[in-house]
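Geometric and topological summary
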Amino acid sequence: MSTTTEAATRGLVEIRGVSKSYSGHEVLHDVNLTVQPGEVVAILGPSGSGKSTLLRTINHLESVDAGWVTVDGQLIGYEQRGERLFELKEKEILTRRTQVGVVFQNFNLFPHLTAAENIAKAPVALKRVNKADGRELALGLLAKVGLSDKADAYPRQLSGGQQQRVAIARALALTPKVLLFDEPTSALDPELVGEVLDVIRDLAKLGTTLIIVTHETGFAREVADRIVFIDGGHVLEVGTPVQVFESPTQ
Amino acid sequence: MAGSLGFLLGTILALARLSKSPILNSVSWSFFWFFRSVPLLVQVLIWYNLGYLYPRLGFGIPFTDTYLVGFDTITLISQFAAAVLGLSLHQAAYSAEIIRGGILSVDQGQLEASAALGLPRHVRVLQIILPQAARSILPNAFNEIIGLLKGTSIVSVIALGELFYVAQVIYNRNQQVIPLLLVAVIWYIILTTVLSIGQFYVERHFARGAERVLPPTPLQAARRWISVQWARLDEPGTPTSAGLDAKSESFRL
Ligand SMILES: Nc1ncnc2c1ncn2[C@@H]1O[C@H](COP(=O)(O)OP(=O)(O)O)[C@@H](O)[C@H]1O
Ligand SMILES: [Mg+2]
């Protein structure tokens with residue numbers, strides 16, 4: 001399905017001809033997008049334009065009506081047999097999903113687990129590490145997002161900005177090839193936005209593929225290699241920040 | 001015992017009703033419909049008297065009297081078993097609804113996050129959803145268990161030696177009706193109180209993370225109260241903050 005060779009790929013996302021409707025209302029219309037390994041792409045667009053839906057099709061939190069999405073040449077929710085695509089078994093989908101991390105607008109941390117437990121949950125449950133190593137892993141990631149002192153705090157004892165940083169650390173715990181952010185700062189007080197953007201900025205330098213839905217145009221312009229502008233389920237523009245912001249075609 | 005069996009079965013029923021499988025859905029719905037419709041008293045009597053209708057239960061060759069494995073129904077379903085069976089099935093139907101309600105109260109975002117992290121189904125159910133659902137399940141669950149405890153008085157109709165039945169037997173013998181009923185009442189109160197205390201600690205356990213500060217246990221509250229009184233004795237007239245923070249720490253209605 002992919003034309004790129006295996007060796008060169010780590011976090012290549014290909015979206016081809018993706019369409020999606022909810023009860024007759026078309027939310028995504030023939031979307032095509034290729035995100036190179038290590039690239040940072042920001043998706044902009046008005047509310048209700050289909051940004052979240054597009055992001056969610058990438059790791060099959062949302063199924064598609066037409067088209068396909070691959071990560072490093074591998075379909076996430078489907079397998080190809082002959083000319084047709086078949087939805088994979090749940091177990092297989094779960095395994096493939098771990099290649100793609102998601103950071104949600106509302107954090108969605110597990111409220112009954114501490115910060116460290118939130119982070120270690122998936123790697124331990126998927127038997128990648130044992131419990132003790134899981135804790136070590138969590139502490140290391142918490143240090144990365146500047147929250148070493150909050151390992152044993154419960155989400156409700158943290159500020160929104162701190163919760164979102166824990167959520168980013170949790171998404172990193174499975175060492176995904178691609179990280180998806182759905183308006184990661186929209187639920188935050190203005191003075192807390194900066195600390196979360198700082199963490200994302202650091203990630204951008206490390207070479208993980210990042211796809212970020214955001215309303216922070218200034219931030220998008222600064223960190224993104226390319227900007228995608230969506231409206232009404234159509235991709236209207238794709239280009240470097242300079243192209244999109246300084247000489248927009250629309 | 002009927003309580004735990006009932007809740008275990010209830011949990012399975014609730015999960016079945018919430019699952020995507022249409023077969024599991026309809027099986028659990030029918031079970032639930034049937035056992036919620038039949039009065040407990042009738043059920044217990046039916047289970048107990050099943051022996052008169054079908055004297056033997058077992059696996060055999062159809063339409064013949066040959067049994068490969070067979071038991072006398074009476075020995076299989078004793079008085080005790082009839083009580084446990086009736087109470088468990090009855091309880092399962094009710095607890096299934098309580099548990100389903102609890103599961104529905106958990107934010108959909110939790111399922112999404114679990115799915116995005118690739119957590120296997122059993123981890124999602126047992127480690128993410130049920131512990132959060134527990135918070136809204138527990139108050140109702142303890143109500144049900146206490147109800148069940150008192151509901152055991154119903155099985156006295158099949159002459160099983162539970163508390164109320166024993167009290168009846170004794171007062172029929174010595175005519176001391178009121179004193180013996182009072183004794184029974186005191187026992188019920190003691191058992192219920194023990195369960196209520198258990199409820200406090202179990203609920204406190206599952207409140208972790210939901211409240212910024214856990215409510216103090218009675219022991220902690222007593223210690224705090226004593227230390228406030230001591231402080232007052234030491235320096236009469238000076239207000240202390242020790243008693244104040246208990247109110248500001250957690251939100252109460
Ligand atoms: N589950 C759903 N059922 C029906 N309509 C939906 C559903 N999810 C999203 N939509 C609709 O799809 C459109 C795009 O939604 P979304 O992708 O969330 O937009 P955005 O993230 O850009 O604000 C909206 O019009 C929304 O109302
Ligand atoms: Mg959205």
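None of the values given here were measured: they were computed from a predicted structure.

Moving on, we get to the pairing of strand S10 (residues 209–213) of chain A. Residue and element names in this part refer to chain A. Buried residues dominate S10, accounting for five of its five residues. Neither face of S10 is exposed, since Thr209, Ile211 and Val213 on one face and Leu210 and Ile212 on the opposite face are all buried. Sheet topology note: the strand S3 (residues 40–44)/S10 ladder contains four bridges and is parallel. Looking across to S10, one finds that Ile43 is bridged to Val213.

On to the packing of helix H5 (residues 160–172) of chain A against helix H6 (residues 190–206) of chain A, then. Residue and element names in this part refer to chain A. Running from amino to carboxyl end, H5 crosses H6 at an angle of 20 degrees, the nearest separation of the two axes being 8 Å. If you check the angle between H5 and H6, you find them roughly parallel. Considering only the axes of H5 and H6, their crossing is right-handed. Residues Gly160, Gly161, Gln162, Gln164, Arg165, Ile168 and Leu172 of H5 lie in contact with H6, whose contacting residues are Leu192, Glu195, Val196, Val199, Ile200 and Leu203. Looking at the contact of H5 with H6 residue by residue, the classes come out as seven nonpolar, four polar and two charged.

A separate point is the side chain of Arg165(A). Mapping Arg165(A) onto the fold places it in helix H5. With relative accessibility at 11%, the residue Arg165(A) sits in the buried group.

For the rest of this paragraph, the subject is the interface of chain B and chain A. At the interface, 23 residues of chain B touch 26 residues of chain A. Note on chain B versus chain A: buried area summed over both sides is about 2,200 Å², and carbon and sulfur give 56% of it. For the salt bridge of Glu90(A) with Arg124(B), the shortest nitrogen-to-oxygen distance reads 2.7 Å. Run the count over chain B and chain A and you get eight residue pairs in polar contact (both at pLDDT 80 or more). When contributions to the side of chain B that touches chain A are tallied by element, the ones reaching two or more residues are helix H6 (108–116) and helix H7 (121–151) of chain B.

All names here are of chain A. Neighbouring ligand 1 are Tyr22, His25, Val27, Pro46, Ser47, Gly48, Ser49, Gly50, Lys51, Ser52 and Thr53. Between ligand 1 and the protein, one listed contact pairs an oxygen atom with a backbone N or O atom of Lys51 at 2.9 Å. Where the shell around ligand 1 is concerned, the elements lending two or more residues are strand S2 (25–35) and helix H1 (51–58). Here the element with the most residues in the shell around ligand 1 is H1; it accounts for three residues. Residues of the shell around ligand 1, tallied by class, amount to three nonpolar, seven polar and one charged.

One finds Val13(A), Ile15(A), Ile43(A), Ile58(A), Leu180(A), Ile211(A) and Leu119(B) to be the most contacted residues of the largest nonpolar core, which totals 48 residues. At seven residues, the largest contribution of residues to this core is made by H7(B). Those residues within four positions of Ile58(A) in sequence are excluded, and the remaining contacts are Val13(A), Ile15(A), Val69(A), Ile76(A), Leu180(A) and Ile211(A). Grouped together as the second largest cluster of nonpolar side chains are 38 residues, Ala115(A), Ala116(A), Leu179(A) and Ile200(A) included.

This part covers empty space enclosed by the protein. Residues and elements named next belong to chain A. Using the criterion set out here, one finds four cavities of 30 Å³ or more in the structure. In this model, the largest cavity occupies a volume close to 70 Å³. Lining the largest cavity are Thr57, Ile58, His60, Glu62, Val64, Gly67, Trp68, Val69, Ile76, Gly77 and Tyr78. Contributions of two or more residues to the lining of the largest cavity are made by H1 and strand S4 (66–71). A per-element tally of the lining of the largest cavity places S4 first, with three residues. Residues belonging to the lining of the largest cavity are distributed by class as follows: six nonpolar, four polar and one charged.

Definitions and cut-offs
- Residues numbered from 1 in each chain as written.
- Chains lettered and ligands numbered in written order.
- Predicted model: local features only at pLDDT ≥ 70, side-chain atom pairs only at ≥ 80, totals over all residues.
- Heavy atoms only, no water.
- Buried < 20%, exposed > 50% of the residue type's maximum accessible area, 1.4 Å probe, protein only.
- Helix = DSSP H or I, 4+ residues; strand = E, 2+ residues; numbered from the N terminus.
- Pairing = 2+ DSSP bridges.
- Axes fitted to C-alpha atoms, helices over the stretch in contact; angles between N-to-C directions.
- Parallel < 35°, antiparallel > 145°, perpendicular 65-115°, else oblique.
- Left-handed = near helix turned anticlockwise from the far one by under 90°.
- Contact = heavy atoms within 4.5 Å.
- Nonpolar A, V, L, I, M, F, W, Y, C, P; charged D, E, K, R; others polar.
- Buried area = accessible area lost by both parts, 1.4 Å probe.
- Salt bridge = Lys/Arg side-chain N within 4 Å of Asp/Glu carboxyl O.
- Polar contact = N/O pair within 3.5 Å; in protein donor to acceptor, adjacent residues only side chain to side chain.
- Near = heavy atom within 4 Å.
- Core = buried A, V, L, I, M, F, W, Y, C linked by side-chain atoms within 4.5 Å.
- 1 Å grid on protein atoms, 1.4 Å probe; cavity = no way out; pocket = protein on both sides within 12 Å on 5 of 7 lines; lining within 4 Å.
- Points joined across faces, edges and corners; volume = space filled by probe spheres on them.

Treat this as a map of the structure, not an account of what it does.
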